[in-house]
Amino acid sequence: MRIMVVGGAGYIGSHMVLALVETGHDVLVLDDLSKGHADAVQGVPLVKGNIADSTLLDDLFGRMNFDGVMHFASFIQVAESILEPAPYYENNLVNTIILLNAMVRHKIKKLVFSSSAAVYGEPQVIPITEDHPKNPVNPYGKGKWMVEQILQDYERAYDLKSISLRYFNAAGADPLGRAGERHLPETHLIPLLLKAAAGKADPVTIFGTDYDTADGSCIRDYIHVTDLCVAHLLAFQALMSGAPSSAYNLGNGHGFSVWEVLEAVKRVTGKPVPFQIVARRAGDPSHLVADATRAQVELGWQPHYPALDSIISHAWNFACMQQ
Ligand code: UDP
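These numbers were taken from a predicted model, which means no experiment stands behind them.

A. Structural detail: the overall build of the protein. The helix and strand tally for the protein stands at 10 helices and 14 strands. Against the compact-globule benchmark of 20 Å for 323 residues, the protein has a radius of gyration of 19 Å, which places it among compact chains. If one aligns the C-alpha atoms of the protein with their principal axes, the spans along those axes are about 55 × 40 × 40 Å. Classification of the 323 residues of the protein by burial places 54% in the buried group. Taking contacts inside the protein between residues at least 6 apart in sequence as the whole, the part at least 24 apart equals 78%. Carbon and sulfur atoms form 53% of the exposed surface of the protein, whose accessible area is close to 13,400 Å². Between the mean site of the 25 positive side-chain charges and the mean site of the 34 negative ones, the protein shows a separation of 3 Å.

As structure tokens, this is what we get:
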């Protein structure tokens, strides 16, 4: 299959390219390199451009026969989306519509879309199933949910079939060290803890220890980036086999508190991790844990690296290789 990976120079996109190439697909990456890294795209063509450029999309879709698109080109910082909603709605919502419209014009009818657990907001029940009410509490999550709803309308009107994958906390790195997480600036817990363990960053700020959880810190479901990518492959195969549009949670179904993650980083790295406790960060739900049964049953997905220590150890290997 020929697949356009939009945002393929970013963290999850670059792992996706590795998985697609390994399974024999023909890949083209479209990425404006505003967040991604050109050197993260290896062995496949990279076109530098933005999905807002419909002339570029028309050219690429017109010249090459794409079977589908995987869309990873999002801004991802929840706290930033509260302070600066405009670029979030512009990039994650408006530009996605421009991409969808180009797909419709060129009759490209399969899309795997990077959605998020942020569509649910503060959970009413844990673990969260896909049918949980959608009450996103920040512009990042609202934009993801709006796109999911637009995709339902586009299927009805234009027969564009899509699978939205609602990631819980993507983490880790390629087990062979070929790719990893290089966000600038880095805001995610595990890479920040690893930087602090390596002595390359200020103490990690722990955002709130007064949550209604056993140890007072927030609980998240960390999912290995390679497992996420396998789910995308399965989702794409399902669409190609005629599966209907759907949405799936991707998580391990186990929650770890911030303190537990910090302890795991100390265990894996064998180093102390300096930290300081600060106030809660805006927009952070206390618990987010996935029920990913639907992806397991309908897509046949099984995480290969569910252990937190494996996730952290792959991320640590990659971080050490960057020095
Ligand atoms: N977190 C933290 N300090 C940091 C970054 C994150 O305490 O410097 C906490 C954050 O409040 C959340 C968890 O770690 O409870 C995971 O945050 P991250 O930003 O990695 O992912 P998110 O859950 O926001 O998608």
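After presenting the structure, the write-up continues.
B. Quick look at the site of the ligand. Residues in contact with the ligand amount to 14 residues; listed here are only the nearest, Leu189, Thr205, Arg220, Arg281 and Asp284. Within the contact set of the ligand, an oxygen atom lies 2.8 Å away from a backbone nitrogen or oxygen of Leu189. With the chains in place, 90% of the 510 Å² that the ligand exposes on its own is no longer accessible. Element by element, the count of residues in the shell around the ligand is highest for strand E8 (residues 204-207), at three residues. Residue classes in the shell around the ligand are distributed as seven nonpolar, four polar and three charged.

C. View of helix H5 (residues 139-158). The end-to-end C-alpha distance of H5 is 27 Å, a good match for the 28 Å that 20 residues give at a rise of 1.5 Å each. Residues of H5 that are buried include every one of Pro139, Tyr140, Gly141, Gly143, Lys144, Trp145, Val147, Glu148, Ile150, Leu151 and Tyr154, and no others. The secondary structure elements touched by the buried residues of H5 are helix H3 (78-83), helix H4 (85-105), strand E5 (110-116), strand E6 (161-167) and strand E11 (246-250). The positive-phi residue at the C-terminal boundary of H5 is Asp159, with phi of around 60°.

D. Just the environment of Asp215, in detail. Among the secondary structure elements, Asp215 is positioned in the loop between E8 and strand E9 (219-220). Since its relative accessible area comes to 30%, Asp215 is described here as partly exposed. Considered as a pair, Asp215 and Glu260 are 45 residues apart in the sequence and their alpha carbons are 9.1 Å apart. When neighbours within four sequence positions are excluded, Asp215 is seen to be in contact with Thr209, Ser257, Trp259 and Glu260. At a separation of 2.6 Å, a polar atom in the side chain of Asp215 contacts the side chain of Ser257.

E. Broad picture of the sheet that holds strand E12 (residues 256-257). Spatial strand order, E12-E9-E14: three strands in an open sheet with mixed pairing. Each edge of the open sheet is held by one strand with a lone partner, namely E12 and strand E14 (287-288). Judged from the two bridges that link them, E9 and E14 form a sheet pairing that is parallel. From the neighbouring strand, Arg220 faces E14, where its bridge partner is Leu288.

F. Region of the structure containing the sheet that holds strand E2 (residues 26-31). The sheet built from seven strands is open, its strands ordered E3-E2-E1-E4-E5-E6-E11 with parallel pairing. Every interior strand has two partners, whereas the edge strands, strand E3 (46-48) and E11, have only one. Strand-to-strand twist of the sheet, defined as the mean angle between neighbouring strand axes without regard to direction, takes the value 20°. Note that strand E1 (residues 2-6) and strand E4 (residues 68-71) share four bridges and pair parallel. Looking at the pairing, Val5 lines up with Met70 of E4. Along the sheet face, helix H2 (residues 54-63) touches E1, E2, E3 and E4 and points at about 175° away from the line of E2. Sheet contacts for H5: E5, E6 and E11; angle to E5, the most-contacted strand, approximately 155°.

G. Representation of the packing of helix H6 (residues 189-197) against helix H8 (residues 258-269) in the model. At their nearest, the axes of H6 and H8 sit 10 Å apart, and the two run at 45° to each other. By the angle class used here, H6 and H8 are oblique. For H6 against H8, the interelement crossing comes out right-handed. Between H6, through Leu189, Ile190, Leu193, Leu194 and Ala197, and H8, the contact on the second element is made entirely by Val258, Val261, Leu262, Val265 and Thr269. Here the residues of the contact of H6 with H8 sort into nine nonpolar, one polar and no charged.

So, how was this worked out
Note that residues are indexed from 1 along each chain, following the sequence as it is written. Only residues with pLDDT of 70 or above have their local features reported here, since the model is predicted, and side-chain atom pairs are shown and tallied only from 80 upward, although totals for entire chains, interfaces and linings are computed over all residues. In computing side-chain properties, one takes all heavy atoms of the structure into account and sets aside hydrogens as well as water. Secondary structure counts use DSSP, requiring at least four H or I residues in a row for a helix and at least two E residues in a row for a strand, with both numbered from the N terminus. Atoms counted for the radius of gyration: C-alpha only. Globule rule: 2.2 Å times the number of residues to the power 0.38. Working definition: with a 1.4 Å probe on protein chains only, accessible area under 20% of the residue-type maximum means buried, over 50% means exposed, and in between means partly exposed. By definition, residues are in contact when any of their heavy atoms lie within 4.5 Å. Methods summary: accessible areas were calculated by the Shrake-Rupley approach with a probe of 1.4 Å, and residue burial reflects only the protein chains presented. None of His or the chain ends enter the tally, which takes Lys and Arg as positive and Asp and Glu as negative. For the purpose of locating charges, the reference atoms are NZ of Lys, CZ of Arg, CG of Asp and CD of Glu. Put simply, a residue is near a molecule or strand once any heavy atom of it comes within 4 Å of that molecule or strand. As used in this structure description, the phrase polar contact means that two N or O atoms lie within 3.5 Å; if the pair is within protein, one of them must be able to donate a hydrogen and the other to accept it, and residues adjacent in sequence are counted only when both atoms belong to side chains. Side-chain classes are defined by residue name, with Ala, Val, Leu, Ile, Met, Phe, Trp, Tyr, Cys and Pro counting as nonpolar, Asp, Glu, Lys and Arg as charged, and the others, Gly among them, as polar. Helix span, expected: 1.5 Å multiplied by one less than the number of residues in the helix. When DSSP finds two or more bridges between a pair of strands, those strands are recorded as paired. All axes are obtained by fitting lines to C-alpha atoms, using only the stretch in contact for helices, and the reported angles, taken between N-to-C directions, cover 0 to 180 degrees. Any angle that is under 35 degrees is reported as roughly parallel, and any over 145 degrees as roughly antiparallel; angles of 65 to 115 degrees are reported as roughly perpendicular and all others as oblique. Here a crossing is taken to be left-handed if its near helix is turned anticlockwise relative to the far helix by less than a right angle, and right-handed if that turn runs clockwise.

Any functional reading would require information beyond the geometric quantities listed.
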